[in-house]
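Structural description and commentary
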Amino acid sequence: MKKRRWQGLTAILTAVLLLCGGCSLDVEQFLRPPKTQGEQQAVQTALETYIRDSGQAGGYTLCYPVEGDYTAAFVLCDDTGKPLTDEEQDAALALAFYAMPSSPTDTHINLLHRDGDEWVSVADVVGGSADILQVAFGDLDGDGTAELVTGWDTYNSRDRRLTVFSLSRSLARLSDDRIYNRLFVGDFSANGRDGLLLLRIASGEVSATLEMMANDVLTPLGQVMLDAEIQQFSKMTLCRLAHNVHGLYIDAVKGTDTAITELIYYDADGLHAPLCNQTGRVNTATARPVGFAMRDVDGDAQMEIPLCTLLPNHAVSDSTADYAYRTDWMAWDYATQSWNTKLSTIVNAADGYLVSLDEQYKGTLTTTYEPSERLLTLLDVQGKRPLLRLRPVTKDRENRYTTLFAATDGYGGCEVWFDSERLDIDAVRYMVLRLTE
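Residues numbered from 1 in each chain as written. Predicted model: local features only at pLDDT ≥ 70, side-chain atom pairs only at ≥ 80, totals over all residues. Heavy atoms only, no water.

**Section: the sheet that holds strand β10 (residues 182–186)**
Quick reminder of the rule: Criterion used throughout: strands pair if DSSP finds at least two bridges between them. Only DSSP runs of H or I with at least four residues qualify as helices, and only runs of E with at least two residues qualify as strands; both kinds are numbered from the N terminus onward. Axis definition: a line fitted to C-alpha atoms, over the contacting stretch in the case of helices. Angles run 0 to 180 degrees between N-to-C directions.
The antiparallel open sheet is built from 4 strands, whose spatial order is β10-β11-β12-β13. Two strands in the sheet have a free side with no partner beyond their single neighbour: β10 and β13 (217–226). Looking at each pair of strands side by side, their axes are set apart by 20° on average, direction ignored. In the sheet, strand β11 (residues 195–202) pairs with strand β12 (residues 205–214) via 7 bridges, with the strands oriented antiparallel. Opposite Ala202, over in β12, you have Glu205 as the bridge partner.

**Considering the side chain of Glu211**
Applicable threshold: Any N or O atom pair separated by 3.5 Å or less is treated as a polar contact, with the protein-specific requirement of one donor-capable and one acceptor-capable atom, and with residues adjacent in sequence counted only for side-chain atom pairs.
Tracing the backbone through its elements, the reader meets Glu211 in strand β12. Among the polar contacts listed, one links the side chain of Glu211 to the side chain of Arg178, at a separation of 2.7 Å.

**Describing the pairing of β13**
Walk down a regular strand and you will see the side chains alternate between the two sheet faces. Looking at chain direction, β12 and β13 are connected through 9 bridges and run antiparallel. Each residue of the ladder has a partner; that of Ala214, found in β13, is Val217. Hairpin connection from β12 to β13: 2 residues lie between these consecutive antiparallel strands, with Asn215 at a positive phi of about 55°.

**So, the packing of aromatic side chains**
Keep this limit in mind: Two rings from Phe, Tyr or Trp (for Trp, the six-membered ring) form a pair when their centres are within 6.5 Å of each other. A pair whose planes differ by under 30 degrees is stacked, one over 60 is edge-to-face, and the rest are tilted. For each residue, the accessible area found with a 1.4 Å probe, counting protein chains only, is set against the maximum for its type, and the residue is called buried under 20%, exposed over 50%, and partly exposed in between.
As enumerated under the stated definition, the model contains 6 aromatic pairs in all. Here the aromatic rings of Phe184 and Phe188 are separated by 6.2 Å at their centres, their planes lie at 85°, and the arrangement is edge-to-face. What makes Phe184 buried here is its relative accessible area of 17%. Owing to a relative accessible area of 0%, Phe188 belongs among the buried residues under this scheme. For the ring pair Phe292 and Tyr325, a centre distance of 5.6 Å and an interplane angle of 85° mean the geometry is edge-to-face.

**Topic: helix α3 (residues 38–53)**
Definition in use: A helix is expected to span 1.5 Å for every residue after the first. In this context, the arc is that of the directions from the helix axis out to the C-beta atoms. Working rule for contacts: check all heavy atoms of both residues, and any pair within 4.5 Å makes them a contact.
Spanning 16 residues, α3 covers 23 Å between terminal C-alpha atoms, matching the ideal 22 Å at 1.5 Å per step. All of the buried residues along α3 are Val43, Gln44, Ala46, Leu47 and Ile51. With its buried residues spanning 160° around the axis, α3 presents them on a single face. Every exposed residue of α3 that faces more than 90 degrees away from the buried side is listed here: Gly38, Arg52 and Asp53. As for α3, its buried residues are in contact with β1 (61–62), β2 (74–77), β3 (93–100), β4 (103–115) and β5 (118–126). Backbone geometry just downstream of α3 places Gly55 in the positive-phi region, at approximately 80°.

Structural data, given as structure tokens:
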């Protein structure tokens, strides 16, 4: 894996500038890292002051993590080490990631503190390898200040090496002996203290290990096995399952055409993965075609998991679209340890909506789609009578189509024709939901 580094353009830019001949350009000035804006510019200036005062020769290269929520070369934090989410917040700490030309395989992490109106570098360390892949933050030891969790490239393109640093003790290295494939930092025990979940694919086994920090040492709280055929992890979302229990939902891909969702939670009885059979190490409960992802379909702050049933008159192939399935959205109930169906739908993700099906229609409908008009039709299987026709808002509206919702910034609009003998406009508005995730 290659670094996303600005210096990678140096050779090309130098060649272009040499072709300018008589152009009066300062090449060294042109090749410096681009200036940031606002508070980050002040942080970058302080970083340059540190580099100059430490006697390191030559320019520097900003390094950019490529995974997770923080992919900038600078991260601004409050005084507890929590990254800022609002530009109006005042930053107290900052982290900068960079490398020097004298040792391009060493990625440095620089910690800066605000001192009045100025920024001052207070610590500088070399990270775990040439490439920093991810940074995350969490109060793993419960002292009120976040630890810096970093992931680094290894010789194996799938594996990452974990290194944890203390923000309260000038980037003291607390741990660097864990190998993982994906990580998640969050409050699993619902007590305000963060845990670190490490997902690992190795030697035909897929595992999840939850760790917390005690006396500056990462301590495993438990491990569970996941579906052994998982090849990669994708979306992860932490939700409240009970008063003092949080669960992490994880979408994953197994094989080339099957998606699943795993659920991992920690309670008084330990770490659990209830959707995976721990004996057979297989998850059949949430298996579905690739392309269907979990989402909160009803706005209750819980993840619903899609289960798919092929509709009549459709066949399974590599190009089978989402609207060829009835998608039932299932919720896991922690109290009863069982499933319940929240919603049955037809999904049309390409056009940005889904259609909620009442019980009477669940087994009687199928769909057709006309790509040229982007027209989805729901029709009765027996009588072949259309119930609904939906399409994105177009300029050449026909009188029989009604605008269901207009286009807004980031989301398309939708027009609808409906069988007024079986539906009214209020029912249609209830059935057709905009996909906003």
